[in-house]
Amino acid sequence: EAGALWGGRFASGPSPELLALSKSTQFDWQLWPYDIAGSRAHAKALAAAGYLTKAELVSMSSAFDHLAEAIESGEFVAEEGDEDVHSALERGLIIQAGSDLGGKLRAGRSRNDQIATLVRLYLLDHGREIAHLVIQLIDAIASQAAAHPNAPMPGRTHLQHAQPVLLSHHLLAHSWPLVRDLERLRDWSVRASASPYGAGALAGSSLGLDPALVARELGLGGGPMPNSIDATASRDVVAEFAFITSMIGINLSRFAEEIIVWATREFGFVKLHDGYSTGSSIMPQKKNPDIAELARGKSGRLIGNLAGLLATLKGLPLAYNRDLQEDKEPVFDSVEQLEVLLPAFTGMVASLTFNTERLAELAPLGFSLATDVAEWLVKQGVPFRDAHEISGDLVRFCEERGLELHEPTDEQLASVSPLLTADVRAVVTVAGSIASRDGVGGTAGTRVAEQLASLTQQVRAL
Ligand code: ARG
C-alpha cells in the first residue's frame, strides 16, 4: 500500500502527482546493498539492547540474505508505490520475515539518519574506485615521462614560447594535481567515515541503542557523530566529494585541452592511437580527439553537479528537509561520469605517440633562450636589469634580421653589446638551457628523474 511507512495518520493515500514527484527509487535503488548493510547493523544494535531475541536476529539475518538474493536475481524490484529504497526494502523484508518480525526493525531509526549514512557508504566505496582509476592515469603519465627522459619541447606561458623544458617535466606537471586529488580523497574519507546512524529523525534515539556498534559494523571508523541534528542535516561531506570530483574533472580537462591542441596539424606534437580517437561520418580523413573533448565537456557537468548541490544546501534550515533528497543524483552522476571517463582518458594518454623531432625543432624557436642569455650575463657580473635589456636588444636584432638567437656572428653579437662574447654561444642551446635549470623542481634531466622517483613513491604510499 502506498505510503506504507507513514500511512497511520492519513485518511487517504498519497495522490499520484505527489507520488510521482517524491519518488526516488529510480535513482536511490542503487543504495540497496548499503541499506541492507545498515539494516543488518541496526538489527544487531536492537538485539544488543534487548529488542530482538537471538533467534529473531538470526531469522532477520537470513531474511536479509534472501532479500539480497531476490534483488540480485531481479525477483524483487521497486514498485510504483515505493517512495524510496528504504520503503521498498522494508516491504521486501516483511515479505521475507513476516510483518511481526520485519515490523520491528524500524525502531530507533529514521530514514533521515539512514540516508545520511548510506550516501557516505556509497561515496566511500566509489571514492576508493575513483582513487584507483586516478592512480592508473598517474601511472600512464609517469610511463610516458619515463619513455621520454631527455626529449625537449617548447615550454609556454600565455601559450607563447617561453623557455625550453623537457617533455617529461611537462607531462609530470599534469600528474601532481592528480596526486593532490588523491590526497584530497584520503583526507575527505576521514570526515566521511563518521556515522550518522543512531541520530534518528533529528533528536537521537530513546531506546538505548549503541550507535558505536552500528558504526563499527559498517566500517565507519569515525564512530557516531556527536550531534544528531548535524548528523541528519549536514551534507558538507557530499559537497566536498563533489568538489573533489570536479577538481579531478578540471585537471583532466586542462590536460585534455593541451592534447587537443597538440594533435592539430599546426602543432603536430602528438598522434592519437586509432583505438582512442574517432572519425567523421562525412570527412573520410578526420581523426578526432573525442576522449579529450568529452573530458573537457564532462568537467563542466561535474562543476554543475557541485554548484547545484551547493545551491540546494544554501539557506536550508536545520534539520532534515526533503530538499536533501536532491543531494544524490548530482554526486551519483559525478561518480558515473568519472568512472567511465578515467579509463578512456588513461588509455588515450598511455597510447599517445609524441613527435619528439618536431618538439625538439620548435624548442629553441621564438627566442626561448633569451632568459639564458640574460642569466649568462648575470653570471658574468652584469646586474639582471641590464642583462635583461641586453638580451632584449639581441632578440630585437635577431628578429629584424630573421635570425634565431644562436645564429648571429661574433661581430654581430659584439655590435649588440661588448658584453656578449662568443662564450655566450655555449648556453644558447636547448640542451644547455634545460640542463642548467637544476634547482629543486626544475626541468634539468637529473631533477626530473628525481621527480619521477618521488612521484612513484608518493603514489605508492597513498
Ligand atoms: N528519500 C529521502 C532522501 O533521499 C530520505 C527519506 C526521508 N524522508 C522524509 N520524509 N523524512 O533524502
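Residues numbered from 1 in each chain as written. Predicted model: local features only at pLDDT ≥ 70, side-chain atom pairs only at ≥ 80, totals over all residues.

1. Here we look at the overall build of the chain
Step number 1: What the chain contains, in helices and strands, is 19 helices and 6 strands.
Step number 2: Computed over the C-alpha atoms, the radius of gyration of the chain is 31 Å, more than 25% above the 23 Å expected from 2.2 N^0.38 for a compact globule of 462 residues.
Step number 3: Every one of the 462 residues in the chain was classed for burial, and the buried ones make up 41%.
Step number 4: Partitioning the contacts of the chain with sequence separation of at least 6, the portion at a separation of at least 24 is 75%. (Helix = DSSP H or I, 4+ residues; strand = E, 2+ residues; numbered from the N terminus. Rg over C-alpha atoms; globule rule 2.2 N^0.38 Å. Buried ≥ 20, exposed ≤ 12 C-beta atoms within 10 Å, placed from the backbone. Contact = placed C-beta atoms within 7 Å.)

2. Structural notes on the domain arrangement of the chain
Step number 1: Examined at the domain level, the chain breaks down into domain 1 (16-107), domain 2 (112-148 + 162-208 + 219-361) and domain 3 (362-461).
Step number 2: Taken over C-alpha atoms, the centre of domain 1 sits 32 Å from the centre of domain 2.
Step number 3: At the junction of the two partners, domain 1 supplies 13 residues and domain 2 supplies 12 residues.
Step number 4: Where the side of domain 1 that touches domain 2 is concerned, the elements lending two or more residues are α2 (25-28) and α3 (32-48).
Step number 5: In terms of residue count, α3 provides more of the side of domain 1 that touches domain 2 than any other element does, 5 residues in total.
Step number 6: In the side of domain 1 that touches domain 2, the residues fall into 7 nonpolar, 4 polar and 2 charged. (Domains from an automatic or database assignment. Nonpolar A, V, L, I, M, F, W, Y, C, P; charged D, E, K, R; others polar.)

3. Regarding the UniProt feature "domain: Fumarate lyase N-terminal" (unreviewed entry) in the chain
Step number 1: When the UniProt feature table is mapped onto this chain numbering, "domain: Fumarate lyase N-terminal" (unreviewed entry) sits at residues 20-304.
Step number 2: End-to-end, the C-alpha atoms of residues 20-304 are 25 Å apart, and along that stretch the chain is 62% helix and 7% strand. (UniProt positions renumbered as here; feature names shortened; annotations may be inferred.)

4. Re the site of the ligand
Step number 1: Around the ligand, the surrounding shell consists of S24, D28, D84, R111, N112, I115, Y320, R322, L324 and Q325.
Step number 2: At 3 residues, the largest contribution of residues to the shell around the ligand is made by helix α6 (residues 111-147).
Step number 3: Classifying every residue of the shell around the ligand gives 3 nonpolar, 3 polar and 4 charged.
Step number 4: When residues of the shell around the ligand are assigned to domains, at least three map to each of domain 1 (16-107) and domain 2 (112-148 + 162-208 + 219-361). (Near = placed C-beta within 6 Å.)

5. A word on the environment of G38
Step number 1: Secondary-structure assignment places G38 in helix α3.
Step number 2: Here G38 is in contact with Q114, T117, L118, Y197 and L218, once residues within four sequence places are set aside.

6. Remarks on the environment of R447
Step number 1: Along the chain, R447 turns up in helix α19 (residues 445-461).
Step number 2: Residue R447 is classed as partly exposed on the basis of its C-beta count, with 19 C-beta atoms lying within 10 Å.
Step number 3: Taking the C-alpha atoms as reference points, R447 and S253, 194 residues apart in sequence, are found 27 Å from one another.
Step number 4: Residues in contact with R447, not counting those within four places in the same chain, are D438, G441 and G442.

7. A look at the nonpolar core
Step number 1: Judged by nonpolar contacts, the single largest core of 96 residues is most densely connected at M60, L123, V134, L137, I141, V238 and F345.
Step number 2: In terms of residue count, α6 provides more of this core than any other element does, 16 residues in total.
Step number 3: Apart from residues no more than four positions distant in its own chain, F345 is found in contact with L137, L252, I291 and A295. (Core = buried A, V, L, I, M, F, W, Y, C linked by C-beta atoms within 7 Å.)

8. With respect to the packing of α3 against helix α5 (residues 85-102)
Step number 1: Contact geometry of α3 with α5 gives a least axis separation of 10 Å together with a crossing angle of 60°. Between α3 and α5, the angle is such that the two are oblique. In this structure, α3 meets α5 at a crossing whose hand is right-handed. Between α3, through W32, D35 and I36, and α5, the contact on the second element is made entirely by V85, H86 and L89.
Step number 2: Grouping the amino acids of the contact of α3 with α5 by side-chain chemistry returns 4 nonpolar, 1 polar and 1 charged. (Axes fitted to C-alpha atoms, helices over the stretch in contact; angles between N-to-C directions. Parallel < 35°, antiparallel > 145°, perpendicular 65-115°, else oblique. Left-handed = near helix turned anticlockwise from the far one by under 90°.)

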